[in-house]
Amino acid sequence: MVFDFKGKTAVVTGASRGIGEATSRHLDAGGANVVLVARSKDKLNAIASELQNESLVIDCDLSEDRTIDLIKSKTIEKFSKIDILVNNAAVERNEPAHRATAAAIDETLLVNLRQAFMLCSVFSKDLFATKGNVVNVTSTAAAGAGGTQGAYAASKGGLNTLTKNLSNEWANKEVRANAVAPGLVLTEMWEPTFELLGEENVMENFVKRVPLGKWGTPEEIANVICFLASDLASYVTGQVVRVDGGMLNL
Ligand code: NAP
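Residues numbered from 1 in each chain as written. Predicted model: local features only at pLDDT ≥ 70, side-chain atom pairs only at ≥ 80, totals over all residues. Heavy atoms only, no water.

Engineer: Teacher, can you tell me more about a negative patch on the surface here?
Structural biologist: Residues Glu191, Glu195, Glu199, Glu200 and Glu204 make up a contiguous surface patch of negative charge. Mapped onto the negative patch, the elements with two or more residues apiece are α7 (191–197) and α8 (199–206). Using a relative accessible area of 62% as the deciding quantity, one classes Glu200 as exposed. (Patch = residues over 30% accessible without salt bridge, like charges linked within 9 Å, V, L, I, M, F, W, Y side chains within 5 Å. Areas by Shrake-Rupley, 256 points an atom, 1.4 Å probe, with all protein chains shown as cover. Salt bridge = Lys/Arg side-chain N within 4 Å of Asp/Glu carboxyl O. Lys, Arg positive; Asp, Glu negative; His and termini not counted. Charge placed at Lys NZ, Arg CZ, Asp CG, Glu CD. Helix = DSSP H or I, 4+ residues; strand = E, 2+ residues; numbered from the N terminus. Buried < 20%, exposed > 50% of the residue type's maximum accessible area, 1.4 Å probe, protein only.)

Shown next as structure tokens:
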């Protein structure tokens, strides 16, 4: 589905692959100027070269503090405004709580939660000016049912709560904030799990928890992100929309 994003500027973190790449392509197809943020410069440039509208590549590491101001200044310098912020970048570690290290917990909370919050904060006045909106990409892992994902699950639970808080705090500015919580989506994020447990085993067995009986695609998540980011969702704010084939209904 193609949404109407003509004249909009959208910042997408984690745009170099997976859900962020699909979201960037959908936003572009709808007419948006997309700011593509991630560490992999070559991948970002390759995606940018295929987009139809003017775009901006910002290759940077979200675990570094200076990155936040860099994203803000380069975006405003190039496009003078922001209408849509998609906080999608994340790191995921599968490790039992008894083996968790402070460094690993810090990195997960930093990239997945603190920097998403900081981007909302530094872009706040620009979003007020355009009556823009934020879509945070969280996870069904926030429910805590997966196990061995303590820091990741906590970061996503925190991002869900932040989303609701922002939706209330910014409602009088007509800035909406929503979250999309994917379930099982086939992306590179699964590679460490495939290595650990075997790809065939994971593909066949994990999907037994999904009533729709299949893995999701990045495009299926991007569709919902784009709906929430679009004017079609003008009366939707503070929501966490699960896109999980019904997994958490069980
Ligand atoms: P992915 O393929 O691993 O992509 C993650 C993206 O985040 C990449 O573009 C990566 O780019 C970027 N990123 C990671 N660390 C970064 C850092 N320090 N600085 C800048 N960029 C960074 O994962 P995905 O599956 O598309 O996940 C996208 C979102 O969906 C994440 O928030 C994830 O938690 C959520 N989600 C995914 C699933 C799933 O089943 N796949 C399920 C639930 C939720 P570089 O490596 O180029 O920096």
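After that view, the rundown keeps rolling.
Engineer: What's the story with the site of the ligand in this structure? I'm lost.
Structural biologist: Taken together, the neighbourhood of the ligand is formed by 31 residues, with Arg39, Ser40, Asn88, Tyr152 and Thr187 sitting nearest. At a separation of 3.1 Å, an oxygen atom of the ligand approaches a polar backbone atom of Gly14. Here Leu62 contributes a backbone N or O atom positioned 2.8 Å from a nitrogen atom of the ligand. Protein contact buries 97% of the 880 Å² of open area that the ligand shows by itself. (Near = heavy atom within 4 Å. Polar contact = N/O pair within 3.5 Å; in protein donor to acceptor, adjacent residues only side chain to side chain.)

Engineer: Please clarify how the packing of helix α1 (residues 18–29) against helix α9 (residues 218–229) should be interpreted in this entry.
Structural biologist: A pair of packed helices is captured by two measures, namely the crossing angle of their axes and the spacing between those axes. The contact between α1 and α9 brings their axes to 8 Å, and the two run at 55°. Regarding the angle of α1 to α9, the classification is oblique. The handedness of the crossing between α1 and α9 comes out as right-handed. Together, Gly18, Ile19, Ala22, Thr23, His26 and Leu27 of α1 and Pro218, Glu219, Ile221, Ala222, Asn223, Ile225 and Cys226 of α9 make up the contact between the two elements. Residues belonging to the contact of α1 with α9 are distributed by class as follows: eight nonpolar, four polar and one charged. (Axes fitted to C-alpha atoms, helices over the stretch in contact; angles between N-to-C directions. Parallel < 35°, antiparallel > 145°, perpendicular 65-115°, else oblique. Left-handed = near helix turned anticlockwise from the far one by under 90°. Contact = heavy atoms within 4.5 Å. Nonpolar A, V, L, I, M, F, W, Y, C, P; charged D, E, K, R; others polar.)

Engineer: Sorry, what's going on with the side chain of Asp83 here?
Structural biologist: On the secondary structure map, Asp83 appears in the loop between α3 (66–79) and β4 (84–87). Residue classification places Asp83 among the buried positions, given a relative accessible area of 5%. Of note is the side chain of Asp83, whose polar atom sits 2.8 Å from the side chain of Lys81. Sequence-distant contacts of Asp83, defined by excluding residues within four places in its chain, comprise Gly7, Lys8, Thr9, Leu127, Thr130, Gly132 and Asn133.

Engineer: Would you mind going over the nonpolar core with me for this structure?
Structural biologist: In globular proteins that are soluble, nonpolar side chains generally tend to be buried together. Core analysis: the biggest nonpolar cluster contains 29 residues, and Phe5, Leu27, Leu36, Ile84, Val180, Ile221 and Ile225 have the highest contact counts within it. Setting aside residues up to four positions removed in sequence, Ile221 forms contacts with Ile19, Val180, Pro182, Val185 and Val243. Counting residues in each nonpolar core, the second largest holds 28 residues, with Val35, Ile71, Phe79 and Leu127 among its members. (Core = buried A, V, L, I, M, F, W, Y, C linked by side-chain atoms within 4.5 Å.)

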